[in-house]
Amino acid sequence: MFSFFKKKPVAPEAPAAPVVAPTPIAPAAAPDLPDLLPIEEPAQKQSWMSRLKAGLSKTSNNLSILFVGAKIDDDLYDELEAALLMADAGVDATTYLLDALKRKVKEDKLLDAAAVKTALKQLLLELLQPLERPFELGRHTPTVMMISGVNGAGKTTTIGKLAKHMQTHGQSVLLAAGDTFRAAAREQLMVWGQRNNITVISQASGDPAAVSFDAVQSGKAKGVDVVMVDTAGRLPTQLHLMEELKKVQRVIGKGMDGAPHETLLVIDGNTGQNALAQVKAFDDALKLTGLVITKLDGTAKGGVLAAIARARPVPVYFIGVGEKIEDLQPFVAAEFVEALLG
Ligand SMILES: Nc1nc2c(ncn2[C@@H]2O[C@H](COP(=O)(O)OP(=O)(O)OP(=O)(O)O)[C@@H](O)[C@H]2O)c(=O)[nH]1
Ligand SMILES: [Mg+2]
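Everything numeric here is computed off the predicted structure, so don't read it as measured data.

(A) Geometry of the site of ligand 1. Lining the immediate surroundings of ligand 1 are 21 residues, of which Lys155, Thr157, Arg182, Asp297 and Glu323 lie closest. Separating an oxygen atom of ligand 1 from a side-chain N or O atom of Arg182 is a distance of 2.7 Å. Contact with the protein chains hides 85% of the accessible area of ligand 1, taken as 660 Å² for the molecule alone.

(B) Representation of helix H6 (residues 155-168) in the model. Its 14 residues give H6 an end-to-end C-alpha distance of 20 Å, which sits within 8% of 20 Å, the value for a rise of 1.5 Å per residue. Most of H6 is tucked away, with 10 of its 14 residues classed as buried. Downstream of H6 by one or two residues, Gly170 has phi in the positive range, about 75°.

(C) Spotlight on the pairing of strand S4 (residues 173-176). Alternating positions in S4 separate into two faces, Val173 and Leu175 on one and Leu174 and Ala176 on the other, with burial throughout. As judged from the 4 bridges shared by S4 and strand S6 (residues 226-229), these two strands associate in the parallel manner. Bridging from a neighbouring strand, Ala176 pairs with Val229 of S6. With 3 bridges joining them, S4 and strand S5 (residues 199-201) adopt parallel strand pairing. The residue bridging Ala176 from the neighbouring strand is Ile201, located in S5. Between S4 and its parallel partner S5, the chain crosses via helix H7 (residues 185-196), and the hand of that crossover is right-handed.

(D) Local environment of the packing of helix H3 (residues 74-86) against helix H4 (residues 90-107). Interhelical geometry of H3 versus H4 gives an angle of 150° and a closest axis separation of 9 Å. Relative to H4, H3 is oriented roughly antiparallel. Considering the relative orientation of H3 and H4, their crossing is right-handed. Contacts between H3 and H4 involve Tyr77, Leu80, Glu81, Leu84 and Leu85 on the former and, on the latter, Gly90, Val91, Thr94, Leu97, Leu98, Leu101, Lys102 and Val105. The residue inventory of the contact of H3 with H4, partitioned by class, reads 9 nonpolar, 2 polar and 2 charged.

(E) Structural context of unusual backbone geometry. Going from Thr141 to Pro142, the amide bond is cis rather than trans, its omega being -5°. With respect to the helices and strands, Pro142 occurs in the loop between strand S2 (136-137) and strand S3 (143-148). A cis amide bond links Ala259 with the next residue in sequence, Pro260, at an omega value of -5°. Turning to its location among the elements, Pro260 is positioned in the loop between helix H9 (239-255) and strand S7 (262-268). The backbone phi angle of Lys287 is positive, close to 55°, even though this residue is not glycine. Secondary-structure assignment places Lys287 in the loop between helix H10 (274-286) and strand S8 (290-294). Note on Lys287: relative accessible area 68%, which makes it exposed.

(F) Region of the structure containing helix H8 (residues 208-222). The end-to-end C-alpha distance of H8, which contains 15 residues, comes to 21 Å, matching closely the 21 Å that a straight helix rising 1.5 Å per residue would cover. Looking only at H8, the buried set comprises Pro208, Ala209, Val211, Ser212, Ala215, Val216, Ser218 and Gly219. Where the residues of H8 are buried, they touch S3, S4, S5, S6 and H9. Among the residues trailing H8, Gly223 stands out with phi positive, at a value near 70°.

(G) Quick look at the packing of aromatic side chains. The tally for this structure, following the rule as stated, stands at 8 aromatic pairs. Measuring from centroid to centroid gives 5.3 Å for Phe4 and Phe318, while their planes differ by 20°, and the two rings are stacked. With Phe4 in the segment before strand S1 (6-7) and Phe318 in strand S9 (residues 316-320), the pair connects residues that are 314 residues apart, well separated along the chain. When sorted by exposure, Phe4 lands in the same class as Phe318, which is buried. Each ring, one from Phe135 and one from Phe318, has its centre 5.6 Å from the other, and the planes form 45°; the classification is tilted. Highlighted residues: Phe135 in the loop between helix H5 (113-128) and S2 and Phe318 in strand S9, separated in sequence by 183 residues. Classification of Phe318 by relative accessible area gives buried; the value is 0%. Joined through ring pairs, the aromatic side chains of Phe4, Phe5, Phe135, Tyr317 and Phe318 make up one cluster. Cation over ring: Lys102 sits above Tyr77, and NZ or CZ is 5.2 Å from the ring centre.

(H) Representation of the pairing of S3 within the structure. Buried residues dominate S3, accounting for 6 of its 6 residues. Along S3, one buried face is formed by Thr143, Met145 and Ile147 and the opposite face, lined by Val144, Met146 and Ser148, is buried too. One ladder, built from 4 bridges, connects S3 with S6; its direction is parallel. Following the sheet pairing, Met145 is matched in S6 by Met228. Both S3 and S7 contribute to a ladder of 4 bridges, which runs parallel. Across the sheet, Ser148 pairs through a bridge with Leu265, a residue of S7.

The rules behind these values
- Sequence order sets the numbering: in each chain, residues are counted from 1 along the sequence as written.
- Labels are handed out in written order, letters beginning with A for the chains and numbers beginning with 1 for the ligands.
- Where totals are concerned, whole chains, interfaces and linings use all residues; where local detail is concerned, this predicted model gives features only for residues with pLDDT of at least 70, and gives and counts side-chain atom pairs only at 80 or more.
- As a rule here, side-chain values cover all heavy atoms of the structure and leave hydrogens and water aside.
- To be near a molecule or strand, a residue needs just one of its heavy atoms within 4 Å of it.
- Counted as a polar contact is a pair of N or O atoms within 3.5 Å, where, for protein atoms, one must be capable of donating a hydrogen and the other of accepting one, and residues adjacent in sequence contribute only when both atoms are in side chains.
- Note that accessible areas follow from Shrake-Rupley with a 1.4 Å probe, and for residues the cover is restricted to the protein chains shown.
- Helical segments are the DSSP runs of H or I of at least four residues, strand segments are the runs of E of at least two, and each set is numbered from the N terminus.
- What a helix is expected to span follows from its residue count: subtract one and scale by 1.5 Å.
- Per-residue accessibility, obtained with a 1.4 Å probe over protein chains only, is compared with the maximum for each type, and a residue is labelled buried under 20%, exposed over 50%, and partly exposed between these values.
- Pairs of strands are assigned from DSSP output, requiring at least two bridges between the strands.
- Note on handedness: a clockwise path from strand one over the helix to strand two, with the strands aimed away from the viewer, defines a right-handed crossover.
- Between N-to-C directions, angles cover 0 to 180 degrees, with each direction set by a line fitted to C-alpha atoms, over the stretch in contact for helices.
- By definition in this entry, angles of less than 35 degrees are roughly parallel, angles greater than 145 are roughly antiparallel, angles of 65 to 115 are roughly perpendicular, and the rest are oblique.
- By convention, the crossing between two helices is left-handed when the near helix turns anticlockwise from the far helix through less than a right angle, and right-handed when the turn is clockwise.
- Residue contacts are defined here by distance: any two heavy atoms, one from each residue, within 4.5 Å place the two residues in contact.
- Classification used: nonpolar for Ala, Val, Leu, Ile, Met, Phe, Trp, Tyr, Cys and Pro, charged for Asp, Glu, Lys and Arg, polar for all others including Gly.
- Under the pairing criterion, centres of Phe, Tyr and Trp rings, with the six-membered ring standing for Trp, must be within 6.5 Å; the plane angle then separates stacked pairs below 30 degrees from edge-to-face pairs above 60, leaving the rest tilted.
- Only lysine NZ and arginine CZ atoms are considered, and such an atom sits over a ring when it is within 6 Å of the ring centre and within 35 degrees of the ring normal.

Written out as structure tokens, the structure is:
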């Protein structure tokens, strides 16, 4: 059965998660929020595949077309190299894949383009597989998650979508409006909270570390399952802001031993090679536990996962291919490769 999160089994006598009331603060504006559509569950796996395929079509078209009626010669390899580089797989992953492919073609005496494509699929799968890791819930009460990333990557939207998915899986959620910087950021999170009956901890005058600490304390006191801390967008080059983020992470740890249990980086899939620089910088600063890659719809740069797999293989928990809730799903390497080269 398709499951969104991996969950530790809960003892039958465990008390039901408390229902948390929404914070009584009216949202000022509702910026760009998608409608909350019903979440698709088991039966809709096929429909996720078609959305994933559609989302990745710009990347996959450039790759798949090469193999149509192609001869196995240097031209094919040259075109494949160009296509992988254009998909932002990066020089290292591209060279690695091409070398491995050429070896395989020779060893297995592959003679037609379809077989070469299948061989490439297999190599890509082997490369991306280590990035796949199910997101586990239920190890801690609460599981505290800190969400980081550059401006506009999709952090707040991802938090909203994940919160909704978690609720559907019977988890109680609390959100922390740790973006105390951008105008209306708090309200954006509030809207998600109010729509889903989720408490949002926020402070009018903002110290992100203090808000996050409060949220963890409140999450512990209320016995909620998951606390998600939103943070303001920042570039890795803004060193003082990276220091601030480290402080938020430290202070969360003061609120609960071992927290945050998950430190996620949200990456805009359109970012291309810069995504790799972001992973490295945020990982160096925060020791990331996972990635969320959004906006893979409409980008021709889906190859960036290959670059990440080669250079800094931080697990990819979720990928996003659209603005609707059901457009965010766990990353499954085989599905991804199938969508790219199926
Ligand atoms: N097409 C598409 N749009 C997305 C996806 N994920 C998020 N978005 C959109 O990206 C925009 C920015 O999302 P936010 O969640 O506000 O990004 P953020 O990282 O919180 O931004 P800051 O807080 O300003 O740093 C919104 O319009 C989202 O709807 C996705 O997977 N696909
Ligand atoms: Mg935000």
